[in-house]
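# Notes for the structure review
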Amino acid sequence: MEKAYLRSIWQKVRNDPFHSRIDFYRNICYIELTICWIYILKVGTIIQTESRQKTEISAFSNEKPELIPISKEMIHNGAKMMAKAFFNYPLYQYFFPNEKSRLRRCYHYFFALINYGRLFGHAVATSYDCEGLGIWMPSESARFTTWNVIKSGIPLRFALAGFRFLFRLNKSEPYQYRIYKKNAPIPNNYLMLLAVHPDHQGQGYAGKILSHIIKATEEEQKPLYLETYLPRNVHI
């Protein structure tokens, strides 16, 4: 039908080249606008349908979404989340005693660790927005080598976190590693990071991530090592 309509317009153009050509292009524009409007309506209907389906699923299901691997594009969201989640954590209060700059400096610190874990271990999150996040790795990767550090971009991010932080890290890291080797002398999986955004805590995200990590570790037939600086976390 559209082809016949265009053919009739083109015949008019041939008979009256000046005036009909204007009508021809005007009608072409009308047709294109109509097609675009129909396409927009279809896309809008699809989006509304998908949105309604997601709403219905979330309303009738209490299950959290499946965990997804952390991609390079998700590191920013993950670092922002972890900086907020660990803002009052004792170790990072020691690393970054200035509360005004702690959030910013923590962001760079966690950006480096998330990227390291993504490259040399396993890193999962609850969604692209990283409401919750977990990183674990084999014990042979827990000790940072020079090449791995350079490849993951740690020097730049740690420099952005501040030189005073580097001084405190150099004092604490050997002690942490000695404790780790003493308590976990055999091959194991090292749970480096586990956190949930403060606005989403108490909703089962941490349990879901931890269950996933434990299951993966059991499949490898390895023990799982986790260190904490909070007494309430010891029972985990």
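Before going into details, it helps to say that this report is about the structure given with it. Just so it is clear, the structure is predicted and the values come from calculations on it, not from any experiment. (Residues numbered from 1 in each chain as written. Predicted model: local features only at pLDDT ≥ 70, side-chain atom pairs only at ≥ 80, totals over all residues. Heavy atoms only, no water.)

## Observations regarding the environment of threonine 228
Take threonine 228: it is sitting in the segment after β5 (224-225). Taking relative accessible area as the criterion, threonine 228 reaches 28% and is therefore assigned partly exposed. Sequence separation between threonine 228 and tyrosine 89 is 139 residues; the distance between their C-alpha atoms is 9.7 Å. (Helix = DSSP H or I, 4+ residues; strand = E, 2+ residues; numbered from the N terminus. Buried < 20%, exposed > 50% of the residue type's maximum accessible area, 1.4 Å probe, protein only.)

## Comments concerning helix α9 (residues 163-183)
Taking 1.5 Å of rise per residue, 21 residues should cover 30 Å, and α9 covers 30 Å from first to last C-alpha, within 8% of that figure. The largest bend along α9 measures about 30° and falls at serine 172, with the proline proline 174 one to four residues further on. Those residues of α9 that sit buried are Phe165, Leu169, Ser172, Gln176 and Tyr180. Along its buried surface, α9 packs onto α4 (90-95), α5 (99-120), α6 (139-142), α8 (154-161), β4 (189-196) and β5. (Expected span 1.5 Å × (residues − 1). Bend = angle between axes of the 7 residues up to and from the residue. Contact = heavy atoms within 4.5 Å.)

## Some words on the nonpolar core
The biggest cluster of nonpolar side chains holds 43 residues, and the ones touching the most others in it are Met82, Tyr92, Tyr109, Phe110, Ile114 and Leu193. For this core, the secondary-structure elements that each account for two or more residues are α3 (75-85), α4, α5, β2 (122-125), β3 (132-138), α8, α9 and β4. A total of 10 residues in this core trace back to one element, the largest contributor, which is α5. Those residues within four positions of phenylalanine 110 in sequence are excluded, and the remaining contacts are Ala79, Met82, Ala83, Phe86, Tyr92 and Leu193. In terms of nonpolar packing, the next biggest core, distinct from the first, is built from eight residues, Leu191, Ile209, Leu210 and Ile213 among them. (Core = buried A, V, L, I, M, F, W, Y, C linked by side-chain atoms within 4.5 Å.)

## Topic: the layout of surface pockets
Empty space within the largest pocket amounts to approximately 1,300 Å³. Surrounding the largest pocket, 47 residues form its lining, Phe86, Tyr89, Tyr92, Met192 and Leu193 being those nearest its centre. Counting residues per element, the ones that place at least two in the lining of the largest pocket are α4, α5, α8, α9, β4 and α10 (205-219). Residue contributions to the lining of the largest pocket peak at eight residues, all from α9. Split into classes, the residues belonging to the lining of the largest pocket amount to 32 nonpolar, 11 polar and four charged. Estimated volume of the second largest pocket: approximately 180 Å³. Lining the second largest pocket are Phe95, Phe96, Pro97, Asn98, Ser101, Arg105, Ala161, Gly162, Phe163, Arg164, Phe165 and Arg168. Of all the secondary structure elements, the ones that give two or more residues to the lining of the second largest pocket are α5 and α9. (1 Å grid on protein atoms, 1.4 Å probe; cavity = no way out; pocket = protein on both sides within 12 Å on 5 of 7 lines; lining within 4 Å. Points joined across faces, edges and corners; volume = space filled by probe spheres on them. Nonpolar A, V, L, I, M, F, W, Y, C, P; charged D, E, K, R; others polar.)

## Notes on the packing of aromatic side chains
One pass over the full model with this rule turns up 24 aromatic pairs. The interplanar angle of 75° and the centroid separation of 6.2 Å between the aromatic rings of phenylalanine 95 and phenylalanine 96 together place this pair among those described as edge-to-face. Just as phenylalanine 95 is buried, phenylalanine 96 falls in that class too. Ring centres of tyrosine 109 and phenylalanine 158 lie 5.6 Å apart, and the angle between their planes is 20°; on these two criteria the pair is classed as stacked. A residue pair is termed long-range when its members are at least 10 positions apart, and tyrosine 109 in helix α5 and phenylalanine 158 in helix α8 qualify at 49 residues. (Phe/Tyr/Trp six-rings, centres within 6.5 Å; stacked < 30°, edge-to-face > 60°.)

## Examining the environment of isoleucine 209
Residue placement: isoleucine 209 occurs in helix α10. Counting along the chain gives 84 residues from isoleucine 209 to alanine 125, while the straight-line C-alpha distance between them is 7.8 Å. Residue contacts for isoleucine 209: discarding those within four places in its chain leaves Leu67, Val124, Thr126, Gly132, Leu133, Gly134 and Leu194.

## Some remarks on unusual backbone geometry
A positive phi angle, close to 60°, is found at cysteine 130, a residue other than glycine. For cysteine 130, the location among the structural elements is in the loop between β2 and β3. Classification of cysteine 130 by relative accessible area gives buried; the value is 1%. Despite not being glycine, glutamine 221 has its phi angle at roughly 55°, a positive value. Structurally, the position occupied by glutamine 221 is in the loop between α10 and β5. Relative accessible area serves as the criterion here: at 74%, glutamine 221 is assigned to the exposed category.

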